[in-house]
Amino acid sequence: MNRDNAPKTPATFQVKSFGCQMNVYDGERMAEMLNARGMAAAAPGEEADLVVLNTCHIREKAVDRVYSDIGRLRRDDGSRPMIAVAGCIAQAEGSEISRRAKTVDIVVGPQAYHRLPDLIDRATRGEEAVDTDMPADSKFGALPGRGKQARPSAFLTIQEGCDKFCTYCVVPYTRGAEISRPWTAIIDEAKALIDGGAREITLLGQNVNAWTGEDSSGRLRGMDGLVRALADLPDLHRIRYTTSHPNDMTDGLIAAHAEVEKLMPFLHLPVQSGNDRILKAMNRSHTAASYLAIIEKVRAVRPDIAISGDFIVGFPGETDAEFEDTLKIVDQVRYAQCYSFKYSPRPGTPAAGMDDQVPAEVMDDRLARLQAAINRHQMDFNAAAVGRTTQILLERKGRNPGQLIGKTPWLQSVHVTAPELVIGDMVEVDIISAGPNSLAGEISRRKAA
Ligand code: 5AD
Ligand code: SF4
């Protein structure tokens, strides 16, 4: 391994996470572990001795960005930090990374990052430090307990991996098979987060609603049972979860949306396409109609629920008419927000080898049309909030002095000017105006909770 100018023993670190919320969670756990090892996070703007790039492999663009970031880590004086590539690129490409980018010292996959301290030692000795194992013993058991400081809105991974094998997707290969974390581990971590100041917890999983496990009395429960148990924890005000697969949307979970007040009225339920032939080619194992039936069921018990989705345009062989079906489902569901992507062929996935890859210009055009439709519904959804009084959880500072940004139960960002309030407060606001991406509010009454 080429160790030109890397520091001998790193004292400070920076973890930079790309991609999904689970990477954000993993990045926080890595930082906690490095802290426990006696290392300190580099101050903002300060150059760290160790830079961990916690990467995403889901689309080609995400991969390109990481390689250009690696190149930019060289300092003006020619030296560079110790560089660790973690996350899904590490898993997918392994030691290939250090061949492509000679300055990479450590490669560690998403199921092996509890071994990062050992890998740092190996890299310090100039040895190869690549670990892309998916050990049977979960990393969670080997990580230090959650720190005392938590954000008001915290992430908690409860499920990882995916057995669905959508034909375009690398996740089953990079994150491995579906596993559910044990009940007690989740409840304990939630309690630690709440003690540290969390007021909202977002349960994370690639297929979060596939979570199953035994509760403390040995009864087999689904994610709805877990949500109900978490809702009993005092000082936790809000529960969210993401990402869900339509096939795991159980009646129990739908009922929880009606019955558990702390479960927020928001559901991220990707459909990817509105056309049944494409859905079949994607191996989604649901149809447009069966997806719509789930949405109807959820809306029947929780009429105000905000629905969000993911879409891929230009899947191999997608015709204009098939793409029109995607626009149609967007209008039928009236999404509150969506993520939409151009299909990106991923090495090793079945779709990458399919005939009829869609030309880039066609994808560009479809994405623009899809996003126009999505934006229209998002704007309508936000505009409907104007005049309402709603609770927000203040999560961060805004750009202007005294300005804070909080989230509504429907995950809309609200800007308020309230110098007397602090991050972590729950407060009731009157929504006074709406834009495509956020709302403006005024404090309406007393501070709640
Ligand atoms: N190309 C484009 N988008 C993809 N996604 C997953 N794999 C691909 C791919 N190969 C999108 C899906 C998924 C989201 C996380 O990323 O919409 O729901
Ligand atoms: Fe990927 Fe499909 Fe699994 Fe989601 S359900 S992670 S899109 S394979």
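Residues numbered from 1 in each chain as written. Chains lettered and ligands numbered in written order. Predicted model: local features only at pLDDT ≥ 70, side-chain atom pairs only at ≥ 80, totals over all residues. Heavy atoms only, no water.

S.K.: Quick question: what am I supposed to make of the packing of aromatic side chains here?
M.R.: In this description, an aromatic ring pair is defined by two values, namely the gap between the centres and the angle between the planes. Here the structure, examined in full by the defined rule, presents five aromatic pairs. Centre to centre, the rings of Tyr 168 and Phe 315 are 6.4 Å apart; their planes meet at 85 degrees, and the pair counts as edge-to-face. Of this pair, Tyr 168 sits in the loop between strand E8 (159–160) and helix H7 (171–174) while Phe 315 is found in the loop between strand E15 (306–313) and helix H13 (320–333), placing the two residues 147 residues apart along the sequence. The buried category is assigned to Tyr 168, whose relative accessible area is 10%. For the ring pair Phe 315 and Tyr 343, a centre distance of 5.6 Å and an interplane angle of 70 degrees mean the geometry is edge-to-face. Here the residue Phe 315 occupies a position in the loop between E15 and H13, and Tyr 343 occupies one in the loop between strand E16 (337–342) and helix H14 (360–383), the gap between them amounting to 28 residues. Each member of the pair Phe 315 and Tyr 343 is classed as buried. (Phe/Tyr/Trp six-rings, centres within 6.5 Å; stacked < 30°, edge-to-face > 60°. Helix = DSSP H or I, 4+ residues; strand = E, 2+ residues; numbered from the N terminus. Buried < 20%, exposed > 50% of the residue type's maximum accessible area, 1.4 Å probe, protein only.)

S.K.: What should I look at first to understand the site of ligand 1 in this one?
M.R.: Within the structure, ligand 1 sits among Ile 58, Arg 59, Tyr 168, Gln 272, Asp 310, Ile 312, Phe 341, Lys 342, Tyr 343, Ser 344 and Arg 346. Between ligand 1 and the protein, one listed contact pairs an oxygen atom with a side-chain N or O atom of Arg 59 at 2.9 Å. With respect to ligand 1, the side chain of Asp 310 contributes an N or O atom lying 2.6 Å from an oxygen atom. Bound to the protein, ligand 1 loses 87% of the 400 Å² it would expose on its own. Where the shell around ligand 1 is concerned, the elements lending two or more residues are E15 and E16. A per-class count over the shell around ligand 1 returns five nonpolar, two polar and four charged. (Near = heavy atom within 4 Å. Polar contact = N/O pair within 3.5 Å; in protein donor to acceptor, adjacent residues only side chain to side chain. Areas by Shrake-Rupley, 256 points an atom, 1.4 Å probe, with all protein chains shown as cover. Nonpolar A, V, L, I, M, F, W, Y, C, P; charged D, E, K, R; others polar.)

S.K.: How should the site of ligand 2 be read in this particular structure?
M.R.: With respect to spatial proximity, the complete set of residues near ligand 2 consists of Cys 162, Lys 164, Phe 165, Cys 166, Tyr 168, Cys 169, Val 171, Pro 172, His 245 and Arg 284. Here the residues of the shell around ligand 2 are counted per class, giving seven nonpolar, one polar and two charged.

S.K.: What am I meant to see in the domain arrangement of the protein chain here?
M.R.: Split by domain assignment, the protein chain resolves into domain 1 (3–131), domain 2 (139–383) and domain 3 (389–445). Measuring from the centre of the C-alpha atoms in domain 1 to the corresponding centre in domain 3 gives 35 Å. (Domains from an automatic or database assignment.)

S.K.: Before we go on, may I ask you to explain unusual backbone geometry in this structure?
M.R.: A negative phi holds for most residues other than glycine; trans holds for most peptide bonds. Residue Thr 243 is reached from Thr 242 by a cis peptide bond, and omega for that bond is 0 degrees. Its location among the elements puts Thr 243 in the loop between strand E13 (238–242) and helix H10 (251–259). Of note, Arg 334 is a non-glycine position whose phi angle comes to about 55 degrees, a positive value. Summarising the element assignment, Arg 334 is placed in the loop between H13 and E16.

S.K.: Help me out: how do you make sense of helix H1 (residues 21–36) in this one?
M.R.: Since the α-helix packs 3.6 residues into each turn, any two residues three or four apart lie on the same face. Between its first and last C-alpha atoms H1 spans 23 Å; for 16 residues at 1.5 Å apiece the expected length is 22 Å, and the two agree. The element H1 is largely enclosed, with a buried count of 12 among its 16 residues. Every buried residue of H1 is accounted for by Met 22, Asn 23, Tyr 25, Asp 26, Gly 27, Glu 28, Arg 29, Met 30, Ala 31, Glu 32, Met 33 and Leu 34. (Expected span 1.5 Å × (residues − 1).)

S.K.: Would you mind going over the sheet that holds E13 with me for this structure?
M.R.: Think of a sheet as strands paired side by side through backbone hydrogen bonds, with each pair either parallel or antiparallel. As summarised here, the arrangement of the three strands in space is E7-E10-E13, forming an open sheet in which the pairing is parallel. Each having just a single partner strand, strand E7 (153–157) and E13 make up the two edges of the open sheet. Ignoring strand direction, the axes of neighbouring strands in this sheet form an average angle of 25 degrees. Bridge analysis of E7 against strand E10 (residues 200–204) gives five bridges, and the strand direction is parallel. Among the inter-strand pairings, Ser 153 is bridged to a residue of E10, identified as Glu 200. Where helix H8 (residues 183–195) meets the sheet, it contacts E7 and E10, and its direction lies at approximately 160 degrees from that of E7. (Pairing = 2+ DSSP bridges. Axes fitted to C-alpha atoms, helices over the stretch in contact; angles between N-to-C directions. Contact = heavy atoms within 4.5 Å.)

S.K.: Please clarify how the packing of H10 against helix H12 (residues 288–301) should be interpreted in this entry.
M.R.: Any two packed helices are characterised by the angle at which their axes cross and by the distance between the axes. H12 packs onto H10 with a crossing angle of 30 degrees between their chain directions and a minimal axis gap of 8 Å. Judged by the twist between their axes, the crossing of H10 over H12 is right-handed. Between H10 and H12, the residues in contact are Asp 251, Ile 254 and Ala 258 and Lys 297, Val 298 and Val 301, respectively. Tallied by class, residues from the contact of H10 with H12 come to four nonpolar, no polar and two charged. (Left-handed = near helix turned anticlockwise from the far one by under 90°.)

S.K.: Would you take a moment to explain the side chain of His 377 for this structure?
M.R.: Following the sequence through the fold, His 377 ends up in helix H14. Looking at His 377, its side chain comes within polar contact range of the side chain of Asp 331, at 2.7 Å.

S.K.: For this particular structure, what's the right way to read the sheet that holds E16?
M.R.: One open sheet holds the three strands; their spatial order is E14-E15-E16, and the pairing between them is parallel. Two strands close off the open sheet at either side, each with one partner strand: strand E14 (266–268) and E16. Going from strand to strand, the sheet's axes swing by 10 degrees on average, the running direction of each strand aside. As paired strands, E14 and E15 are joined by three bridges and run parallel to one another.

S.K.: Hey, could you run me through the pattern of salt bridges in this one?
M.R.: Side-chain pairs of opposite charge can arise whenever the charged atoms involved come near each other. By the definition in use, this model includes 35 salt bridges. A salt bridge links Glu 32 to Arg 146; its shortest N-O distance comes to 3.2 Å. Of the two residues, Glu 32 is situated in helix H1 and Arg 146 in the loop between helix H6 (139–142) and E7; the sequence distance between them amounts to 114 residues. As far as the burial class goes, Glu 32 and Arg 146 line up, both buried. The partner of Asp 248 in a salt bridge is Lys 164, with the nearest N and O atoms 2.9 Å apart. Within this pair, whereas Asp 248 is found in the loop between E13 and H10, its partner Lys 164 is found in the loop between E8 and H7, the two being separated by 84 residues in sequence. Accessibility expressed as a relative area gives 17% for Asp 248, which makes it buried. (Salt bridge = Lys/Arg side-chain N within 4 Å of Asp/Glu carboxyl O.)

S.K.: Got a minute to help me understand the packing of helix H9 (residues 223–231) against H10 in this structure?
M.R.: Closest axis-to-axis distance for the H9/H10 pair is 8 Å, and the angle between their directions is 25 degrees. As judged from the angle between their axes, H9 and H10 are roughly parallel. Across the interface between the two elements, Met 223, Asp 224 and Arg 228 of H9 pack against Gly 252, Leu 253, Ala 255, Ala 256 and Glu 259 of H10. By residue class, the composition of the contact of H9 with H10 is four nonpolar, one polar and three charged. (Parallel < 35°, antiparallel > 145°, perpendicular 65-115°, else oblique.)

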